[in-house]
Amino acid sequence: MKTLITNILILFFYFSATAQQTTVTGKVQDNTSKETLPYVTVSVKDSSLKTIAVSITDAHGVFQLENLPLGKMTITFSFIGYQTYSQPLEIVQNKTKTELGTIDLIADAIQLNAIEINNEKPNVSLKLDKKVFEVGKDVLSQNGSAHDVLNSVPSVAVSPTGSVSLRGNSSVLVLINGRQSGLTQSNALDQLAADQIERIEVITNPSSRYDASGSAGIINIILKKNKKSGFNGQIRLVAGSPNDSRVNPSINYKSNKINIFSNFSIRSSDYVGLYTTNQSSINNGTPTLMNRVQNEDRHDDGKLIYFGADYFINEHQTITAAFLKNATHDNDKTHLLYDYKNANTSVQDSILTRSGKSLEKRDYNQLEFNYTRTFKRAAKKWTIDVQYDWWNSNKNWNLSTERLSPSPLYYPGIRTNSIGNSKDLLVQSDFIQPIDSIAIFEFGIKTEIRKVSSDFLAEEEQDNIWTIYQDIDNDLKYSETINSAYTQFSNQAGKFNYMLGLRAELTQISISDIKNTYNDEKDYDKLFPTVNLSYKFDAATLQLNYSKRINRPSLYALYPFNELTDLNAQYVGNPELNPSYSDVFELAFLKTWKKLTLNPSVYYQREKGYIQDFTYRENDIFFTTPINIDYETRSGIELSTLYNPLKWLQVNTEMNFYRFEQKGSYMQKNLAYSGETFTGRVSSQIKLPFKFSFQGRYNFRGAQQNAQTTNKALQSLDFGLSKILLKDKATLVFDVTNAFNLRQNKSTTTGTDYLFTQNSIPNAARYRLSFVYRFNLTDQKMIRQANDTNRH
């Protein structure tokens, strides 16, 4: 009996020991650049070469293998374009966690050309927490600016005036390389060449590590950086009609210790616009009709330079410094014709014309500094970011007005001058600390200080003497300080993942002017919680997200100065405007098959203090100004698909339907309204013989309404054709945007004693041809390493 019991105990401890399982973690990076590598395949085989576990690295290059048995085995790392690497792995008793640290993979130069040509990523990748658009793979995005790229991104739209919206909501935070930038303000994205963008990330429900700004979410524009050893680069030439001439060279150099990157852009563009207005109003009891036609001819010149360097102190420490400068010079001409009639008799009352010429110079500068410290422990990371930017602008308008009928009359000339400047300092630090092989704790702090000055003057010429016009002479000072801190914790339990975060933002703003008309200080101290929950199925994921966000008014919306170009209508900012706050919920599902990716989602948003434009009439002039109303609720469903039925065919579709309800009042007018709208986009890309590619895209936005204005449905058509030349070193692209001038913004606005309809075509159809040549595609250092390996 004693022997039997002893044998049973021995067997029990033996099977207990062999049943012990452990977790293995680590991080994979490029041997030269030290950049982490996502989507690396990590596999484990036992002594009989049987595969017992497989995983892939995440977006940060981190991998995790669970439930590995005791014993000796081999772990292998494989990734397209890199040499496969294997090393022994032993799981020992009483050690449930094994950390392998950082694994370096060496680029395989022999495969390099084949990878770049035949194994490209799809141009659109649908992931659960974000949608990633690879710019270089989309034919229609290769010729233009950042606006053209954004118009190709799922859920994103850019209006002809440069306003960016996400799911039909213009309250979106646009970032450059994960940080705010002056390039995202005042339509400056049109100065950023598409060629300088690597990818765009759309984050509809961000975690607490991101700024809380933007109730619709975040669009993160990632600029290109050099990743190859030695000298390399490319040059792009663009010509278009109406004139769109661009030269975009980039030159880079990389070694084991330093990476120098640079992008340049020289641009000359013309824009032709046509605007018509039909207005019916009552003046002193008499109904009046007014027809207005405005022809606009805009010419923009721009120069952009972005260069910097990464210095690799050692395996775990990197310093990055960069400088960006964007200088533009705009020369705009406009001509307006006003035809006034009596509505009862249709007899012409008068005809007036106004001609205007505008010159504007803008100069934006930005300095960036980053320190990154990684550790032997995978995923542990500390970063420090410092950014300082400053810009200056100077805009002049010269206006002449003449009455043609019933008798000729010249009115006094009017000129305006607007001078602005801004200085912005940002300091930020983030730390990622793994708790164990699964759980991660993050925290960070950030301070941003911004000071803006805007001087606006309007003058009228009387007897060859310029005097102040309508008492418009003021200098506005605006300062803003935002201090923020966040913390978040993520963990996993089987197939269930969760991330909980909390962000605090303390905002102080001050608005004042030399006339003491506006003198206000406001403090906004708020907490912004975030919750991200997900559950993984086989080839599918379900996620539930919540976040609280803020929409701060833009400087343009706050400025009380109004341009005087139009005799009949003016836009005036509102210094009393307050931020709005949103609670955003989203349930998303992601399912991937071999040829089809399906990404449906439903969302609900309640925005308190919603900001919208309000139009009113005063002294026969229509003024539009932004205001806060009580709230807006928005609920919708969105569907994005990516379908590859054939190797040479890819079809992307997206649909978004939402219903909204608004409540509020202003100037004793009830602004309560409810409605719904639909947006959709279909894009198809075809790979043709002889290295040709074709892409066509149809965009549709359904009618939109609020209590004052109805916007009719909007549609547009774009297409492009590309050809790869010179042994894959060059590409020729022809594209057409807004083909057949289909993109026309038609709206109707009603009031107590007026009604007017407008039709706006800010940009006529544009035809462009571009040529890009890439040099030193092959990494000579990697070829030498490969040859040495082959010889041995």
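Just so it is clear, the model here is predicted, and its values are computed rather than measured.

Q: Quick rundown of the overall build of the protein? Include the residues and the values.
A: Counting secondary structure elements, the protein contains 5 helices and 46 strands. Nonlocal contacts in the protein, meaning residues at least 24 apart in sequence, comprise 65% of its contacts between residues at least 6 apart. On the protein, roughly 37,200 Å² of surface is accessible, and the fraction owed to carbon and sulfur atoms is 57%.

Q: An account of the sheet that holds strand 2 (residues 41-45) is needed here, citing residue identities and associated values.
A: The strand order 3-2-5-6 describes an open sheet built from 4 strands, whose pairing is antiparallel. Only two strands of the sheet have a single neighbouring strand rather than two, namely strand 3 (51-56) and strand 6 (85-91). Averaged over all neighbouring strand pairs, the angle between strand axes comes to 20 degrees, with direction disregarded. Bridge count for strand 2 against strand 3 is 5 bridges, and the pairing is antiparallel.

Q: Tell me about the nonpolar core, residues and numbers included.
A: One recurring pattern in soluble globular proteins: nonpolar side chains tend to sit buried together. By size, the foremost hydrophobic cluster in this structure holds 29 residues, and its most contacted members are Val 164, Leu 189, Ile 197 and Ile 200. When contributions to this core are tallied by element, the ones reaching two or more residues are helix 3 (146-150), strand 10 (156-158), strand 11 (164-166), strand 12 (172-176), strand 13 (197-203), strand 14 (217-223), strand 18 (286-314) and strand 19 (317-342). Excluding anything up to four places from it in sequence, Val 164 contacts Leu 150, Val 156, Ala 157, Val 158, Asn 169, Ser 170, Val 172, Val 174, Leu 189 and Ile 219.

Q: For the pairing of strand 45 (residues 754-761), give the residues involved together with the corresponding values.
A: Here 8 bridges tie strand 17 (residues 258-283) to strand 45, and the two strands are oriented antiparallel to one another. When the bridges of strand 45 are listed, Tyr 275 appears paired with Ser 760. Bridging between strand 44 (residues 745-750) and strand 45 involves 6 bridges; their strand directions are antiparallel. Each bridged residue has a counterpart across the sheet, and for Lys 746 the counterpart in strand 45 is Asn 759. Count of turn residues in the strand 44/strand 45 antiparallel hairpin: 3 residues.

Q: Tell me about the sheet that holds strand 32 (residues 611-618), and please be specific about residues and values.
A: If you walk across this open sheet you meet the 3 strands as 29-33-32, and the pairing is mixed. Two strands close off the open sheet at either side, each with one partner strand: strand 29 (569-571) and strand 32. Taken over all neighbouring pairs, the strand axes of this sheet differ in orientation by 25 degrees on average, direction set aside. Both strand 32 and strand 33 (residues 621-628) contribute to a ladder of 8 bridges, which runs antiparallel. When the sheet's bridge partners are listed, Thr 615 is paired in strand 33 with Thr 624.

Q: Describe unusual backbone geometry, listing the residues and the values that go with them.
A: Note that the residue after Ser 241, namely Pro 242, is joined by a cis bond; omega there is -5 degrees. In this structure, Pro 242 sits in the loop between strand 15 (230-241) and strand 16 (244-254). Ser 405 connects to Pro 406 through a cis peptide bond whose omega is 10 degrees. Positive phi values are uncommon outside glycine, yet Asn 464 reaches one of about 65 degrees. Looking at where Asn 464 falls in the secondary structure, it is placed in the loop between strand 24 (440-462) and strand 25 (465-493). Even without being glycine, Lys 691 reaches a positive phi, approximately 65 degrees. Tracing the backbone shows Lys 691 in the loop between strand 38 (673-688) and strand 39 (692-701). Owing to a relative accessible area of 41%, Lys 691 belongs among the partly exposed residues under this scheme.

Q: Would you mind going over the pattern of salt bridges in detail, with residue names and values included?
A: Scanning all chains against the criterion turns up 32 salt bridges. Lys 477 is the salt-bridge partner of Asp 475, the closest N and O atoms lying 3.5 Å from each other. One salt bridge in this structure joins Glu 505 and Arg 503, with 2.9 Å as the shortest N-O distance. Among the residues examined, Arg 503 registers a relative accessible area of 2% and is labelled buried.

Q: Could you give an account of the packing of aromatic side chains, naming the residues involved and the relevant values?
A: If you walk through the whole model with that rule in mind, you get 24 aromatic pairs. With a centroid separation of 4.9 Å and an interplanar angle of 65 degrees, the aromatic rings of Tyr 535 and Phe 537 are classed as edge-to-face. By relative accessible area, which is 37% here, Tyr 535 ends up partly exposed. Ring geometry for Phe 622 against Tyr 754: centres 4.8 Å apart, planes inclined by 75 degrees, an arrangement best described as edge-to-face. In this pair, Phe 622 sits in strand 33 while Tyr 754 sits in strand 45, placing the two residues 132 residues apart along the sequence. Tyr 754 carries the same exposure label as Phe 622, and that label is buried. Members of the aromatic cluster, each reached through a chain of ring pairs, are Phe 375, Phe 431, Phe 441 and Phe 443. Positioned over the ring face of Phe 375 is Lys 380, at 4.6 Å from the centre of the ring.

Q: Run through the side chain of Glu 360, naming residues and quoting values.
A: Take Glu 360: it is sitting in strand 20 (residues 348-374). Owing to a relative accessible area of 14%, Glu 360 belongs among the buried residues under this scheme. A distance of 3.1 Å separates a polar atom in the side chain of Glu 360 from a polar atom in the side chain of Arg 362. Residues within four places of Glu 360 in sequence aside, it is in contact with Thr 328, His 329, Asp 330, Asn 394 and Lys 395.

Q: Could you give an account of a nonpolar patch on the surface, with specific residues and numbers?
A: Taken together, the side chains of Phe 496, Tyr 535, Phe 537, Leu 542, Leu 544, Leu 587, Val 602, Ile 637, Met 655, Phe 657 and Phe 678 define a hydrophobic patch exposed on the protein surface, amounting to about 910 Å² of accessible area. Every element with two or more residues in the nonpolar patch is listed here: strand 27 (519-537), strand 28 (540-551) and strand 35 (649-663). The residue Leu 544 is located in strand 28 in this model.

Rules used in this analysis
Residues numbered from 1 in each chain as written. Predicted model: local features only at pLDDT ≥ 70, side-chain atom pairs only at ≥ 80, totals over all residues. Heavy atoms only, no water. Helix = DSSP H or I, 4+ residues; strand = E, 2+ residues; numbered from the N terminus. Contact = heavy atoms within 4.5 Å. Areas by Shrake-Rupley, 256 points an atom, 1.4 Å probe, with all protein chains shown as cover. Pairing = 2+ DSSP bridges. Axes fitted to C-alpha atoms, helices over the stretch in contact; angles between N-to-C directions. Core = buried A, V, L, I, M, F, W, Y, C linked by side-chain atoms within 4.5 Å. Buried < 20%, exposed > 50% of the residue type's maximum accessible area, 1.4 Å probe, protein only. Salt bridge = Lys/Arg side-chain N within 4 Å of Asp/Glu carboxyl O. Phe/Tyr/Trp six-rings, centres within 6.5 Å; stacked < 30°, edge-to-face > 60°. Lys NZ or Arg CZ within 6 Å of the ring centre and 35° of its normal. Polar contact = N/O pair within 3.5 Å; in protein donor to acceptor, adjacent residues only side chain to side chain. Patch = residues over 30% accessible without salt bridge, like charges linked within 9 Å, V, L, I, M, F, W, Y side chains within 5 Å.

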